[in-house]
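Observations on the model geometry
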Amino acid sequence: MKNQSNTNTFNIHYPMKKLFMSMAVALMLPISVLAQDVQLNVHPDQAKNVIPKEIYGQFAEHLGRCIYGGIWVGPDSNIPNVQGYRKDVFEALKALEVPVMRWPGGCFADEYHWMDGVGPQENRPRLVNNNWGGTVEDNSFGTHEFLNLCEMLGCEPYISGNVGSGSVEEMAKWVEYMTSDTNSTMAELRRKNGRDKAWKVKYFGVGNESWGCGGDMTPEYYSDLYRRYAIYARNYGDNRLYRIASGANSTDNNWTEVCMRKIGHRMNGISVHFYAVRDWGTENDPETGIPMGKKGWALTFTDQEYYNIVSKALQIEDCVVDHMRVMDRFDPQKRIGLLVDEWGTWYNVEKGTNPGWLYQQSTVRDAIVAALSLDIFHKYTDRIKMANIAQVVNVLQSMILTNEKNPMDPCVLTPTYHVFKMYNVHKEATYVPSDLVCNYISVNAKEQIPTVSRTVSCDKNGVMHISLTNMDLNNQHVVAINIDGMKVKSAEGEIITAPDVHAFNDFGKADEVKPVAFKGAKVDKKGQLLVTLPAHSVVTITVK
Ligand code: AHR
């Protein structure tokens, strides 16, 4: 067992018990688990940082069926819709209380020319989506459709501007079009296109993955370009842009270092992208011959593959900690935010779907990845100001799926959706530091994962919520919880799990994985709170 304080990562040596457990997991042996084998000590007196709601951000890209067929079906569609937005998807997003949505990409953003997506629908040009399967799009979902959606959902828009193939003038005019209430030509054009009042746009990205699909640049060159583009992305009226630099590919700290040095406080935030993906090489799609990678399957995975993905997902902690160390050197007051504006699991596309559309299913494994990732972001909100899971509908680790073959089928909510909803109690709550002592499981010669992950927070009414995730595939764990200065009287909540970790929600069987009442929390005779976590489960309890 070892102690996981709130800032620890797990590079410690392994006691015999952990070694025994790892061997048992590797050999698929049943492990006898001691009662109360996990200890959680909670320190409410150390609570300080409020968890920004933007940690629960979403990402909507023109990719596959995320926008077209996912969010947008158009007002003339037979599919029930609200002003063109697919009704069941819209309602599910509304119920999720999405705080912020990033659009239009992703790689798509650096080939997107916003002028093509405004004005009368019949005049909008068609575009080839070069990044994602060469799909031809009709531009029917553009600036108005996105910003109106955000307004209707009550979420902040996060616009990704085009640096890779767009001009400074184009970006400057887009900001003016969206946010200026003057009588300038751009503001008048917006009015002519049906929107009188300027929208409020806070989050504005200056490029996306500029090291790759967004222009294949060096950090030095990008930093110079950032300065040039960002200065013309103006604040109009009382609209204040939060300008975000295109950040590192995963663990590339040099990118962050150069941007911090050369851009510095000209940016409000810098992004980083990190996917829980294991790439085992290249494999071609048997039908089309298109290279599709060999990332493992969303639905059919071995125990080893389960642990591989969970372990990779946990490595996001080392990734952000290393970037934050670099940022601290240049910005010790933490005025510049780190935004994890793409994260999530990434597997092979589902068989029979377009390899360029990144459609994947989602199981209890993804629910666990969602929970442990949110747990990590919560720990560092003095620096991490936003995170956007990729992506909201029908792409990668989605919240929602719609049926390509039978689009009239009701949409399906994924296990990840349910985790986000269950975790809503932590949004804008004060993070409560805690120490966790638990066993570790060996994944391979270099990687070990803790059995349990957690978040503790106190909401505005002073009510404490504790989320606990049991990452152990085969064994329950009993968590003994001690809260400084508090005698627990009762604890109840919800659990997301299924007998089989491969369980998923599908069209026609949409409720295989969903939250149900949790009965595993008890206060013992000594007044200690004991929570029994079934194997591969996510639990949130309210403690009173
Ligand atoms: O989310 C899919 C793609 O992954 C995004 O378009 C890009 O930014 C990243 O490489």
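Before reading further, recall that the structure is shown in the block above.
Scope of this entry: the structure provided in the associated data block. (Residues numbered from 1 in each chain as written. Predicted model: local features only at pLDDT ≥ 70, side-chain atom pairs only at ≥ 80, totals over all residues. Heavy atoms only, no water.)

1. Section: helix α5 (residues 185–192)
This is how it is decided: Summary of the burial criterion: residues with accessible area below 20% of their type's maximum are buried, those above 50% are exposed, and those between are partly exposed, where the area comes from a 1.4 Å probe applied to protein chains only. Secondary structure elements follow DSSP: runs of H or I of four or more residues count as helices, runs of E of two or more count as strands, with numbering from the N terminus. This arc corresponds to the set of directions leading from the helix axis out to the C-beta atoms.
For α5, every residue scored as buried is listed here: Met186, Ala187 and Arg190. With its buried residues spanning 100° around the axis, α5 presents them on a single face. Seen from the buried face of α5, the exposed residues on the opposite side, beyond 90 degrees, are Thr185 and Lys192. Just beyond α5, the residue with positive phi is Gly194, at close to 105°.

2. Observations concerning the pattern of salt bridges
This is how it is decided: By definition, a salt bridge exists where a carboxyl oxygen of Asp or Glu is found within 4 Å of a side-chain nitrogen of Lys or Arg.
Evaluated as defined, the whole model comprises 24 salt bridges. Beyond isolated ion pairs, a larger network of salt bridges with shared partners links Asp181, Glu188, Arg190, Arg191 and Asp196.

3. Here we look at the sheet that holds strand β25 (residues 516–518)
The pairing of strands in a sheet comes from backbone hydrogen bonds and takes either a parallel or an antiparallel form. Using the following cut-off: Between any two strands, at least two bridges found by DSSP are needed for them to pair. The contact rule is simple, with two residues in contact once any of their heavy atoms fall within 4.5 Å. Lines fitted to C-alpha atoms define the axes, with helix axes restricted to the stretch in contact, and inter-axis angles between N-to-C directions lie between 0 and 180 degrees.
One open sheet holds the 6 strands; their spatial order is β17-β21-β22-β28-β24-β25, and the pairing between them is antiparallel. A strand with exactly one partner marks an edge of an open sheet, and here the two such strands are β17 (430–431) and β25. Judged from the 7 bridges that link them, strand β22 (residues 464–470) and strand β28 (residues 537–543) form a sheet pairing that is antiparallel. Paired with Thr469 across the strands is Val538, a residue of β28. Contacting β17, β21 (452–458), β22, β24 (491–496) and β28, helix α10 (residues 364–379) runs over the sheet at an angle of about 50° to β21. Most of the contacts of helix α11 (residues 415–422) go to β24, to which it runs at about 160°, and overall it touches β24 and β28.

4. What about the packing of helix α8 (residues 303–314) against α10?
Helix-helix packing: each pair is described by the crossing angle between the helix axes and the interaxial distance. Going by this rule: Geometric relationships in this document are graded by angle, where less than 35 degrees denotes roughly parallel, more than 145 denotes roughly antiparallel, 65 to 115 denotes roughly perpendicular, and other angles denote oblique. Throughout, a crossing is termed right-handed when the near helix is turned clockwise from the far one, and left-handed when it is turned anticlockwise from it by less than a right angle. Only Asp, Glu, Lys and Arg are considered charged in this grouping, and only Ala, Val, Leu, Ile, Met, Phe, Trp, Tyr, Cys and Pro are considered nonpolar; every other residue, Gly among them, is considered polar.
The N-to-C vectors of α8 and α10 enclose an angle of 20°; their axes lie 9 Å apart at closest approach. Classified by the angle their axes make, α8 and α10 are roughly parallel. Read as a crossing pair, α8 and α10 show a hand that is right-handed. Judged by residue contacts, Glu305, Tyr306, Ile309, Val310, Ala313 and Leu314 of α8 engage Arg365, Ile368, Val369, Leu372 and Ile376 from α10. Residue composition of the contact of α8 with α10, grouped by class: 9 nonpolar, no polar and 2 charged.

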